Amino acid sequence: MSVIELENVSRAFTVSSRTGLRRTRREVRAVDGLSFTVEPGEVVGYIGPNGAGKSTTIKMLTGILVPTGGTIRVAGVDPSRNRMKLAKRIGVVFGQRTTLWWDLPLKDSFAVLQKMYGVPRARHAENLATFVELLNLGDLLDVPVRQLSLGQRMRGDIAAALLHDPEIVYLDEPTIGLDIISKARLREFLAEVNKERGTTIILTTHDLDDIEALCSRVMVIDHGRQVYDGTLAGLRASQSAPRTLVVDLASSLPAITVDGATVTKVDGPRQHLTFPTSTSAAPLVAQIAANYPLVDLSVAEPTIESIIARLYTAATPTP
Ligand SMILES: Nc1ncnc2c1ncn2[C@@H]1O[C@H](COP(=O)(O)OP(=O)(O)OP(=O)(O)O)[C@@H](O)[C@H]1O
């Protein structure tokens with residue numbers, strides 16, 4: 001049975017603005033007819049440009065916001081009507097804000113959460129020991145949250161969200177502002193939690209490396225509507241973003257002429273050519289080698305950023 005089910009869910013806001021003396025009201029459809037299901041143990045990347053409706057969706061899934069249309073079920077219940085009951089079964093991390101107590105040492109925050117969620121003492125101790133080890137929190141337990149660095153605080157927040165054994169975790173930008181090593185550690189940790197505990201993870205991020213590292217499924221939303229739902233490989237294949245051939249010539253030349261490819265950049269003896277994903281690079285290379293002093297070459301696949309940028313552009317509704 002699905003752990004998350006959305007059927008034709010919408011959420012509109014009325015926004016009023018003033019121009020001179022006139023006040024006008026308009027409706028913003030933050031989420032617009034969204035339907036999807038998530039199975040237990042899935043790690044889903046939920047991505048989209050700024051203002052696409054990601055946070056609004058997460059807020060509806062936690063029960064903080066009530067949909068203006070459609071139905072939502074999380075762990076079998078309507079989140080907005082069963083917020084307290086559901087709180088025990090979900091964990092939430094908002095990367096930009098902490099859910100920890102600012103003036104309390106980390107370990108006291110964890111103790112408060114144990115009481116709040118009614119986690120049996122032995123289970124709490126076991127979970128705490130696991131997270132302290134995996135997230136390297138040992139030296140931080142006595143430090144007040146306000147004295148922690150962003151990366152340390154984030155590790156604390158993630159432990160806090162998982163201490164009550166939630167079945168589902170929503171992570172909103174969990175790696176924002178972290179250095180590369182902290183990001184890698186956090187991704188490893190989340191992969192481990194998902195594997196060992198079967199926790200369902202919904203991950204909102206602008207860092208596509210998070211998606212590459214963690215998500216078997218990616219959902220792309222734009223203007224409140226779903227524009228893609230599938231694997232990352234499928235997303236790559238669905239968008240025929242061009243590949244790039246980078247050739248190094250023996251000397252600097254004007255843009256070379258190659259049938260089936262277009263020069264996009266000339267950088268001294270190095271030239272960049274794009275060609276369709278569906279075409280093989282071999283005949284292009286043969287052509288260049290026959291007509292120009294070719295020294296070296298490489299083929300670059302389209303980046304996931306470029307594929308998603310194309311998807312967003314394609315999804316932008318015409319006014
Ligand atoms: N409380 C609110 N009142 C009015 N408009 C809102 C409210 N919350 C969100 N919106 C609007 O709904 C749209 C979707 O916002 P949302 O925060 O869900 O996007 P997002 O995808 O999370 O964006 P970001 O990546 O920037 O966090 C935006 O146009 C936003 O301005």
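Anything mentioned here points back to the structure above.
Quick summary incoming for the structure in this document. (Residues numbered from 1 in each chain as written. Predicted model: local features only at pLDDT ≥ 70, side-chain atom pairs only at ≥ 80, totals over all residues. Heavy atoms only, no water.)

1. A closer look at the sheet that holds strand β6 (residues 168-172)
Defined as follows: For two strands to pair, DSSP has to find at least two bridges joining them. Helix and strand labels come from DSSP, where a helix needs a run of H or I of at least four residues and a strand needs a run of E of at least two; each type is numbered from the N terminus. Interaxial angle, 0 to 180 degrees, is taken between N-to-C directions of lines fitted to C-alpha atoms, where a helix line uses only the stretch in contact. The contact criterion used throughout is that any non-hydrogen atoms of two residues lie within 4.5 Å.
Sheet architecture is open: 6 strands sit in the order β5-β6-β7-β3-β8-β9, paired in mixed fashion. Of all strands in the sheet, those bounded by a partner on one side alone are β5 (90-94) and β9 (225-230). Geometrically, the sheet is characterised by an average inter-axis angle of 15 degrees between neighbouring strands, direction not taken into account. Pairing of strand β3 (residues 43-47) with strand β8 (residues 217-222) involves 4 bridges; the strand directions are parallel. From the neighbouring strand, I47 faces β8, where its bridge partner is V220. Its contacts with the sheet put helix α1 (residues 54-62) on β3, β5, β6, β7 (200-204) and β8, and the angle it makes with β6 is roughly 150 degrees. In this fold helix α5 (residues 150-162) packs onto β5 and β6, with an angle of close to 165 degrees to the strand it touches most, β5.

2. Here's the deal with the packing of aromatic side chains
For clarity, the threshold we go by: The aromatic pairing rule takes the rings of Phe, Tyr and Trp, using the six-membered ring of Trp, and pairs them if the centres are within 6.5 Å, calling planes under 30 degrees apart stacked, those over 60 edge-to-face and the rest tilted. For every residue, the accessible area (1.4 Å probe, protein chains only) is compared with the maximum for its type, and the residue is labelled buried under 20%, exposed over 50%, or partly exposed between those bounds.
Within this structure, the stated rule accounts for 2 aromatic pairs. Ring geometry for F36 and Y46: centres 6.2 Å apart, planes at 50 degrees, overall tilted. With F36 in strand β2 (residues 22-38) and Y46 in strand β3, this residue pair connects regions lying 10 residues apart in the sequence. There is no split in this pair, since F36 and Y46 are both buried.

3. Concerning the nonpolar core
So the rule is basically this: For the purposes of this section, nonpolar cores are sets of buried Ala, Val, Leu, Ile, Met, Phe, Trp, Tyr and Cys residues that join through side-chain atoms within 4.5 Å.
In this structure, F110 and L235 are the most contacted members of the largest nonpolar core, which totals 48 residues. In terms of residue count, α5 provides more of this core than any other element does, 6 residues in total. Not counting residues up to four positions away in its chain, the partners in contact with L235 are V218, V220, Y228, I304, I307, I308 and L311. Counting 27 residues, the second-largest nonpolar core is a separate cluster that includes L6, I58, L86 and I221.

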